[in-house]
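Per-entry structural report
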Amino acid sequence: MKRLYFIYALLVATTFYSCKKVIDLKLKDATPLLIIQGNVTNVPGFYDVSLNKSVSYSSPNVFPAVSGASVKITDSTTGLIDVLKEISPGIYRTLTLQGVQGHTYILDITAEGKTYKASSIMPKLVNLDSVSFLVNTGFGETIINPVPNFQDPANQKNHYRFIQSINNKAYDKIFLFDDRLSDGKYMARQLFNDSAYIQIKDTVQLEMQCIDKRVFEYYKQLSGLDPTNGQPTSPTNPDTNISGGALGYFSAHTVQKKKAVVKS
């Protein structure tokens, strides 16, 4: 069984460097492995891939950057190859690549004498119509949950991830939907917060990502290791879509954001 000695790094990365969280697991030290975190989106601009080394559980939560690697992303639909530039220790940035819905992207990395590879298909964008709120009362408290409203396309499998920000601060919890039981239906499912994070007059932003199945499964397993998402499962590393023995993920996905103010 793989040891979950790197889970802190992954939970931080999946919320775009938001609040840090330490999961207190009694784990043994393990051999450091490469942690890869990379995204390509439909939003024009550059995309980053980060390379770090995991650390033993007994070490401080400082994950060494891996410099001097060869990193490239190929759009296999068009044949375009973008060789990434290291802009700071362990951070590699695209130069020309622009993400396109429906295209497949392949990540190739050579680092410290080893090679790693991953691929991800960017799904078609599903339009996020609006963000509304549901007010839940009980046991002497009121919890306000945001609701993304959108039409799920019929006769195709769709997987969604949401990132919630409150007053411009990202909330480090993993929210996932799929359409296994709601294919082709209009979706208005609340994102459950575990305490009263949202208050009247707060500004809430939801980022909706359409992700491929393998990335969805990765986040699903990762969410099961996070106490804020419920009872943690046994401490094993999430299945990655990266070959070569690395940890982490590579995701090509669409991004859409909507904001709303909580009214009384």
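Scroll up to find the structure this text is about.
What comes next is a walk through the structure. All of these numbers come straight from a predicted model, not from anything done at the bench.

**Quick notes on helix 2 (residues 213-223)**
Residues Val-215, Phe-216, Tyr-218, Tyr-219, Leu-222 and Ser-223 constitute the buried set of helix 2. Burial along helix 2 is one-sided: seen end-on, the buried residues are contained in an arc of 160°. Counted as exposed and oriented over 90 degrees from the buried face of helix 2: Lys-213 and Arg-214.

**Details of the pairing of strand 5 (residues 85-88)**
Both strand 5 and strand 6 (residues 91-93) contribute to a ladder of three bridges, which runs antiparallel. The partner of Glu-86 across the bridge, within strand 6, is Tyr-92. Between strand 5 and strand 6, which follow one another and run antiparallel, lie two residues, and Gly-90 among them has a positive phi close to 80°.

**Let's talk about the nonpolar core**
Counting residues in each nonpolar core, the largest one holds 24 residues, and the members touching the most others are Ile-36 and Leu-51. Within the residue set of this core, elements represented by two or more residues are strand 1 (34-41), strand 2 (48-53), strand 3 (70-75), strand 7 (104-111), strand 8 (114-121) and strand 17 (247-261). Tallying contributions element by element places strand 7 first for this core, with four residues. Membership of the second largest hydrophobic core comes to 20 residues, among which are Leu-128, Met-187, Val-204 and Val-262.

**Observations regarding the packing of aromatic side chains**
For the structure shown, the criterion picks out eight aromatic pairs. Note on Tyr-171 and Tyr-197: the rings are 4.4 Å apart at their centroids and 40° apart in plane angle, and the pair reads as tilted. Placement of Tyr-171 in the loop between strand 12 (169-170) and strand 13 (175-178) and of Tyr-197 in the loop between strand 14 (186-188) and strand 15 (203-210) is noted, with a sequence separation of 26 residues between them. Residue class for Tyr-171 comes out buried when judged on its relative accessible area of 7%. Among the aromatic side chains, those forming a connected cluster through ring pairs are Phe-150, Tyr-160, Phe-162 and Phe-177. Over the aromatic face of Phe-46 sits the side chain of Arg-93, whose NZ or CZ is 3.6 Å from the ring centroid. In this arrangement the basic side chain of Arg-189 is found over the ring face of Phe-177, its NZ or CZ atom lying 4.4 Å from the centre.

Rules and cut-offs
Residues numbered from 1 in each chain as written. Predicted model: local features only at pLDDT ≥ 70, side-chain atom pairs only at ≥ 80, totals over all residues. Heavy atoms only, no water. Buried < 20%, exposed > 50% of the residue type's maximum accessible area, 1.4 Å probe, protein only. Helix = DSSP H or I, 4+ residues; strand = E, 2+ residues; numbered from the N terminus. Arc of directions from axis to C-beta. Pairing = 2+ DSSP bridges. Core = buried A, V, L, I, M, F, W, Y, C linked by side-chain atoms within 4.5 Å. Phe/Tyr/Trp six-rings, centres within 6.5 Å; stacked < 30°, edge-to-face > 60°. Lys NZ or Arg CZ within 6 Å of the ring centre and 35° of its normal.

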